[in-house]
Structure formats: C-alpha cells, structure tokens
Amino acid sequence: MSVEPLVGYARLGESRIAYQVMGEGPVDILITAGYWGTFDVEWEEPMIRLFLEQLASFARVIQFDRLGTGASDSVTSELLPSWEGFAEEIRCVLDAVGSERVALFAISEVGAAAMLFAATHPERCRALILFDSAARLLVADDYPFGMSRDEAEAAFDSSAAEDWGTGAVSNIRTYMPSKAGDPRFRRWVGRMERSISTPDMALRYNAATLAADARAFLPLISAPTLVLQRLSAPTSPVEQGRFLAEHIPGARLVELPGG
C-alpha cells in the first residue's frame, strides 16, 4: 500500500515539535527511537518505509522529532534535554494529533522514558511495546546487567564526537551488523545522523540517556506490555529484557534470534 504522511507541529511552551502521522487507525501507535531518528530521512530508507506502511495498514502511526533534533526547534544550553522531559513531549504530540490513548512503541535507549510515560500517564497509554530496551543502561550494585560508566561513555562519546555523521562502519557493526557491508545503507546512516543533530547535541542526548533509571516505575505500569528482545544484541543484553518482563505486571517477553 502507499501511505502519504501528514506533517505538523505541536507546541510545548514556546517550542515547536515536528510530527508526522500516517494511516487511519482504529489504533494509534506512537513509534519512537528517542533522539536517534528524524522522520523525513527515515522515510527515505526502503526497509523502514515498508515497516511503517505495514503498521499504517491497520493503525494510525505517529512519529515526532525530539526537541533539539530534526525538524523540531533547537534547545539552548540552559535547556538541556532530559530523559524525563521526553514524556512531556509525547503528551504534547498526542494532544496535537487528537490521540486520547496510544500504543507506545519504544526502541532501544528511549525505553526508560516510555516506561515513565506509561507509569505516570496510564489513561493515555493503551499498550506498551519495548524493543531492545532497558530500565537503565548503567550497572549498579542491584542491577548487574548494564555497562560501567567508563564503558558506556567510551562507546557513546566515540560514536557522537568522532564518528557522528559519517555512517561509520564500526557503529553499524555494533547496532545493525547485517548491514555493515552495504555502502548505500552506510551513506544513508551518515545522512540520518547529520539530519538529526550536531555532534555536540548528540553528546548531550547521550548524557541524558545514561542518566535514565526507570526501575522504580516498572510496578506502576498497568498497560499491557510486550517486551521484544534480541538474543544477540551487542548493546542490549537479553537479561535487561528479562528484567523488564519480571518487574512489569503481566508483561509478555518474546526473545528474538539474531543481533
């Protein structure tokens, strides 16, 4: 099928958040990878476009660019992005598109913010889907599944400060290993990164991501929850998905082969 997206802006205070809507429902799905993505450039990648069109065949699909990224307004040094602020951006976009209840589909590091939204806005969240997500990324005394801060900062800062905007093979091997040998895909990844933000803003978002910890909110999530976890994801150990399934009431875990 062919679905023509509709684009608009939601207002959060004085700031404008760019969003895209496609499909007619009856279910609303908001799909987000947090700061890593901008819907205009995502639409250019055939695999992503096919995936979104398949979702739009049975749902109204909502995407948006985080403040400070893509087509949304920039943020100042006094208004640094936070993982908690993402929940407010979600609410703002839902209000703008007239969505009372949404199935929230969160990919990778944005999962913690989606869990916060589901826990604090139960009347707006009809379902929660978490793909390769974690309640927190850093290891702790009572959470042995994460990375050390040194490991995380080395990985995140290298990709943002040194390789951002280049479509570096090393990054693709980490996050999308099956596409590392595809020159066209690497060029698209580089264009995506340059369209998302500057390297400095990517560093800021990385810092906010490492500060996230949604563990206290997991028992408060009442929406039906599906946890999708790849068994061989280099940056997301399967134990993180199992932890979510054990601590979110009634959650269903599906473990997927590959990385």
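Right above here is the structure, for reference.
Residues numbered from 1 in each chain as written. Predicted model: local features only at pLDDT ≥ 70, side-chain atom pairs only at ≥ 80, totals over all residues. Heavy atoms only, no water.

Caption draft 1: Representation of the overall build of the protein chain in the model. For the protein chain, the helix and strand inventory stands at nine helices and eight strands. By principal-axis analysis of the C-alpha atoms, the protein chain measures approximately 45 × 40 × 40 Å. Within the protein chain, the proportion of its 259 residues that are buried is 52%. Taking all contacts inside the protein chain whose residues are at least 6 apart in sequence as the whole, residues at least 24 apart take part in 73%. Entry remark: accessible area of the protein chain is about 11700 Å², with carbon and sulfur atoms responsible for 54%. With 23 positive and 35 negative side-chain charges, the protein chain shows a separation of 4 Å between the mean positions of the two kinds. (Helix = DSSP H or I, 4+ residues; strand = E, 2+ residues; numbered from the N terminus. Buried < 20%, exposed > 50% of the residue type's maximum accessible area, 1.4 Å probe, protein only. Contact = heavy atoms within 4.5 Å. Areas by Shrake-Rupley, 256 points an atom, 1.4 Å probe, with all protein chains shown as cover. Lys, Arg positive; Asp, Glu negative; His and termini not counted. Charge placed at Lys NZ, Arg CZ, Asp CG, Glu CD.)

Caption draft 2: Representation of empty space enclosed by the protein in the model. According to the stated counting rule, one finds one cavity of 30 Å³ or more in the structure shown. Looking at the largest cavity, its volume works out to about 30 Å³. Glu109, Ala112, Ala134, Ala135, Arg136, Leu137, Thr209 and Ala212 together form the lining of the largest cavity. Grouping the constituent residues of the lining of the largest cavity by class yields five nonpolar, one polar and two charged. (1 Å grid on protein atoms, 1.4 Å probe; cavity = no way out; pocket = protein on both sides within 12 Å on 5 of 7 lines; lining within 4 Å. Points joined across faces, edges and corners; volume = space filled by probe spheres on them. Nonpolar A, V, L, I, M, F, W, Y, C, P; charged D, E, K, R; others polar.)

Caption draft 3: Focus on the packing of aromatic side chains. One pass over the structure, following the stated rule, counts eight aromatic pairs. Measuring from ring centre to ring centre gives 6.4 Å for Phe51 and Phe105, while their planes differ by 90°; the resulting arrangement is edge-to-face. Here the residue Phe51 occupies a position in helix 2 (residues 46-56), and Phe105 occupies one in strand 5 (residues 102-107), the gap between them amounting to 54 residues. Judged by its relative accessible area of 13%, Phe105 falls in the buried class. (Phe/Tyr/Trp six-rings, centres within 6.5 Å; stacked < 30°, edge-to-face > 60°.)

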